[in-house]
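For reference, the chains in residue letters:
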Number of protein chains: 2
Amino acid sequence: MEEQEGSLPHKVDFSGWYNEILWRAEIMDVRYPVKGLYVWFPFGFGIRKRVYAILRELLDRDHEEALFPLLIPEPEFMKEAEHIKGFEDEVYWVTHGGTTPLDVKLALRPTSETAIYPMYALWIRSHVDLPIKVYQVVNTFRYETKHTRPLIRLREITSFKEAHTVHATWDEAKSQVEEAVTRYQEFYNRLNIPVLISKRPDWDKFPGADYTIAVDTIMPDGRTLQIGTVHHLGDHFSKTFNIQYEDAKGDQQYCYQTCYGISERSIAALISMHGDDKGLMLPPEVAPVQVVIVPIIMKKREEEVLQAARLLEKELKNAGYRVKTDNRDLRPGAKYYYWEMKGVPLRLEIGPRDLDNNVVMGVLRSGGKESLPRGEIISEVDRKMTEYISALQEHAKAHIKDHLFIVKEHSALKEIVSKGVVAVHWCGNRECADRLEEISDADILGTEVRTDLIDKSKGNCIICGKPEAVITLVGLSY
Amino acid sequence: MEEQEGSLPHKVDFSGWYNEILWRAEIMDVRYPVKGLYVWFPFGFGIRKRVYAILRELLDRDHEEALFPLLIPEPEFMKEAEHIKGFEDEVYWVTHGGTTPLDVKLALRPTSETAIYPMYALWIRSHVDLPIKVYQVVNTFRYETKHTRPLIRLREITSFKEAHTVHATWDEAKSQVEEAVTRYQEFYNRLNIPVLISKRPDWDKFPGADYTIAVDTIMPDGRTLQIGTVHHLGDHFSKTFNIQYEDAKGDQQYCYQTCYGISERSIAALISMHGDDKGLMLPPEVAPVQVVIVPIIMKKREEEVLQAARLLEKELKNAGYRVKTDNRDLRPGAKYYYWEMKGVPLRLEIGPRDLDNNVVMGVLRSGGKESLPRGEIISEVDRKMTEYISALQEHAKAHIKDHLFIVKEHSALKEIVSKGVVAVHWCGNRECADRLEEISDADILGTEVRTDLIDKSKGNCIICGKPEAVITLVGLSY
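Note that this is a predicted model, so its numbers are computed, not measured.

(A) Inspection of the packing of aromatic side chains at higher detail. Summed over all chains, the structure comprises 34 aromatic pairs over all chains. Plain terms: the ring middles of A:Y117 and A:Y120 are 5.8 Å apart, the flat faces sit at 25° to each other, and that makes the pair stacked. You can see A:Y117 and its partner A:Y120 sitting in helix α5 (residues 113-123), three residues apart, about one turn around the helix. A:Y120 carries the same exposure label as A:Y117, and that label is buried. Among the aromatic side chains, those forming a connected cluster through ring pairs are A:F41, B:F68, B:Y117, B:Y120, B:W123, B:F237 and B:F241. Cation over ring: A:R328 sits above A:Y338, and NZ or CZ is 4.3 Å from the ring centre.

See below:
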């Protein structure tokens, strides 16, 4: 991938930047011959693998991973009325096996409630079987009629992590919702992605849920991206699928459930939050290559430099770093360009002069060049990585701060919401909400906002002026 | 899971044993309401995860993992004539999105050649792009009309690892086939599953391949299970999908390809090869629990024993073992039964008398009870694990030996093939093959057999008597 192929659009043109970086950094190939389906390049898959390893690590603390079928028979799928309404226009149907029409049509799961819950009805007998906390990482399908976009709006969501829990009481399910929100917060902390957490308005909750807590982030263009949701399902599904347990007194009781999911949108957020005009900027934990070594070859001392690079690579690998030495027959500038595009946190350059001075030149992807003493290279690389992570965090936090506004006058709403997320006071009344969305030409994201970036004290409803109105986020969402 | 639920059938009744162990050991739930689709229980998924981690580790040495879409548009799927013939009766078709009929029908991949190779045509430009070695682990689908069986004959193959390589020459592709066979051999060595490797007869090769090398094992009932295949695809697909490279002289050349796959049949083999009348016997590397600690509680010294168990668990975990202490309120016998069913390699019992004697009682799942000095418990557990692995290996090897027969007289064929795999001399002639399959009422597995368990010198064809005939395996296969 050479510079002459043209360059990455500036990130201020976010849409152009996003589309280009996906292939320039070899994340997704968008040329697959079906709309809304994309191919994970090996490099992109390397990021995905590490991001999902974090998610699994967090869940494996007290969840178990399982795997349920993709195909859901029509009668099961059609059992929960609200759920059907939410998904019926978006479901892909398998109607034929070979040339034979199937007796029972099969849905490609758009989400797995109707695949999993009939099994839960068999698994759960008694209160001692509870709670159940199971998750799976699977491909799910939505027949999207809107504009599709890689990692963001897909027809095959390739990497849906969905957890499904079952509890004895509504309150225990509520605690699990809180627990899941905390876990998701931790996940995005690990990726250095600041999030806004709020309770979706009732008309925007998951079909079949009591309520939905959503995790959003703000993309570079100020629009929000929903990157996680947690649903309290009450006993709606347990009544539909007859999921009961025998309580300590021997009575049959309906269970209470939650479900929560994260998809490859987490990776869209990762790319978008940290990248810059030069390409990706990956957090070290999920970077397929953490350190790239570029030997600066001069004809006379070529073998000596290559030997030093090999030794350096070995030492860093032994210390646990994922390292690549770029020995390709390209000029150093082309190599810098290539690895910067791929978001490698640290570049180490090593040439004859560095050998003489017993140093290695370190260039951090977030900026800054520094000569590092060769003898303490491991602790120096550790230090640079810490510096890099701080830079990512600072930058991401500043981005969210710069795109989060408190608005008191509805005349200012529409203009400001085009720049980012707006916090307003809203009385909770549906008519005020409709008016608010109409004026702003944006959506209410939610209430019960969890962030320390804004003052959450109550105020007068921005529409009707009623006092004691709560802070509500409004934004243009992907 | 209590003893009173009845017991596992003896393994000599293999079919009964297999069906029962799947739920008793919590591997698969077969009650999903669609034929041929099954649910991975968390425990089974824990085995799967570790088995596939080995496979990935072996491939990651020089392959890259990627991910291609599930849905293949009909025109792509229909491009390779032989391939279509091989799969058209088995393909599930998606015909509707929501209530809208799709313009282009979409196949659920039965295998991914037709999804991947159009992308390879875009990825490959020049000889410097070669070789390509990419794999993915995905769900694939076959509309099986035969009797389905969990892990063995499925409509959703949940765990298909398929690798697809591209090379400049036919010979390089041939070398890759050999490399893949070696890698698969290594994989099954790690699982302590002896395999028979042979070249499938021409009429049984992969649709669209030049030739197929297959990996089979012998199940407890003497029938063979194909648990891996490696295909030399020649240039058939590269011509169909126009996968060309520019050679060093600047001329366009068609590429040569291979593909090779392993599915969850690897886990069917794992379960079947090592299990016994009491349940699973898992190799330590893939066992979700490697050591179970059972505290033997006497009222008087309960807290002391529990404390000792906790300490033991901690020590073993620090040494890297996956350990579980079973503190449930059940009598020890019920616990033994439970963990034996789940194939835990080593059980450690710890009671008041063991505390007094400063020992732990070790019971290996393969048999034998031994008092282990508490002070050297880590090295003792290491030693027992080695002993256990040897026992698995010995047992498995003996099983294959006992079920592999050389037959010289065709009158004996049918009877002996009902007991296991038969090696005969066959001249290579199709008519002799047909007669051989007719007499034995079994299938030719293949020639060019790779095993040191039988004498492979040439002889007279068992059908026509022609000399210089080669050893060929014949068996009843799943």
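Let us keep going from here.
(B) Structural detail: empty space enclosed by the protein. Residues and elements named next belong to chain A. For the structure shown, the criterion picks out four cavities of 30 Å³ or more. Taken as a whole, the largest cavity holds about 60 Å³ of empty space. V292, Y336, W339, E340, V344, P345, L346, R347, V363, L364 and R365 together form the lining of the largest cavity. Every element with two or more residues in the lining of the largest cavity is listed here: α10 (332-341), β17 (346-350) and β18 (359-364).

(C) Region of interest: the relation of the copies chain A and chain B. Each copy of the sequence occupies a distinct position, and chain A is placed on chain B by a rotation of 180° and an axial shift of 0.0 Å, giving an RMSD of 0.0 Å. Read as a symmetry element, the transformation amounts to a two-fold axis. In terms of proximity to the rotation axis, the leading residue of chain A is A:V94, whose C-alpha is 2.1 Å off the axis.

(D) Local environment of helix α8 (residues 265-274) of chain B. Among the 10 residues in α8(B), 10 count as buried, and that is most of the element. Every buried residue belonging to α8(B) is among B:R265, B:S266, B:I267, B:A268, B:A269, B:L270, B:I271, B:S272, B:M273 and B:H274, and all of these are buried.

The rules behind each value
- Residues numbered from 1 in each chain as written.
- Chains lettered and ligands numbered in written order.
- Predicted model: local features only at pLDDT ≥ 70, side-chain atom pairs only at ≥ 80, totals over all residues.
- Heavy atoms only, no water.
- Phe/Tyr/Trp six-rings, centres within 6.5 Å; stacked < 30°, edge-to-face > 60°.
- Helix = DSSP H or I, 4+ residues; strand = E, 2+ residues; numbered from the N terminus.
- Buried < 20%, exposed > 50% of the residue type's maximum accessible area, 1.4 Å probe, protein only.
- Lys NZ or Arg CZ within 6 Å of the ring centre and 35° of its normal.
- 1 Å grid on protein atoms, 1.4 Å probe; cavity = no way out; pocket = protein on both sides within 12 Å on 5 of 7 lines; lining within 4 Å.
- Points joined across faces, edges and corners; volume = space filled by probe spheres on them.
- Least-squares fit on C-alpha atoms with pLDDT ≥ 70 in both.

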